[in-house]
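Descriptive analysis of the structure
What follows is each chain in one-letter form.
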Amino acid sequence: MLKRTKPYVYACSFCLKNHQQITRLIAGPNRIYICNECVMHFVDSEVLPEHNQQLVCSFCGKQQQQIANIWSGEHGVNICSECLELCVDIIAASSSHNA
Ligand SMILES: [Zn+2]
Ligand SMILES: [Zn+2]
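Structure report, in brief. (Residues numbered from 1 in each chain as written. Chains lettered and ligands numbered in written order. Predicted model: local features only at pLDDT ≥ 70, side-chain atom pairs only at ≥ 80, totals over all residues.)

1. So, unusual backbone geometry
Negative phi values dominate among residues other than glycine, just as trans dominates among peptide bonds. With a phi angle near 65°, L16 is a residue other than glycine that sits in the positive phi range. Mapping L16 onto the fold places it in the segment before strand 1 (25-27). (Helix = DSSP H or I, 4+ residues; strand = E, 2+ residues; numbered from the N terminus.)

Below, the structure is given as structure tokens:
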């Protein structure tokens, strides 16, 4: 009966890696998480301009028309440029003493 069903597994909502597979996991509201790898991936990638659907940032809840850019993950989660910048800051702050 040793099932690996923990009541609370911290995993990136974008790539679904859990906290043991990634260096940094940044928690947003509503149990949304993003890992440092996804943050860097989104920073490096262009926004898809062909998105016609109404995207809402999973972190701050702003709608696409209220924000400059939004990136959508593969699992129904999105992150806007403001939240992404925040995550970049958090990662930079936590890794600065390691430079
Ligand atoms: Zn991730
Ligand atoms: Zn946002």
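2. Concerning the nonpolar core
Judged by nonpolar contacts, the single largest core of 20 residues is most densely connected at C12, I34, C38, I79, C83 and L84. Looking at this core, the elements with two or more residues in it are strand 1, strand 2 (33-35), helix 1 (36-44), strand 3 (70-72), strand 4 (78-80) and helix 2 (81-95). Residues contacting C12, with those up to four places away along its chain left out, are K17, I22, L25, Y33, I34, C35 and C38. (Core = buried A, V, L, I, M, F, W, Y, C linked by C-beta atoms within 7 Å. Buried ≥ 20, exposed ≤ 12 C-beta atoms within 10 Å, placed from the backbone. Contact = placed C-beta atoms within 7 Å.)

3. What about helix 2?
Relative to the 21 Å expected for 15 residues at 1.5 Å per residue, helix 2 spans 21 Å between its end C-alpha atoms, a close match to the ideal helical length. Listed as buried for helix 2 are C83, L84 and C87. Projection of helix 2 onto a plane perpendicular to its axis shows the buried side chains occupying an angular sector of 100°, all on one side. Helix 2 presents E85, D89, A92 and A93 as exposed residues on the side facing more than 90 degrees away from its buried surface. Elements in contact with the buried residues of helix 2: strand 1, strand 2, helix 1 and strand 4. (Expected span 1.5 Å × (residues − 1). Arc of directions from axis to C-beta.)

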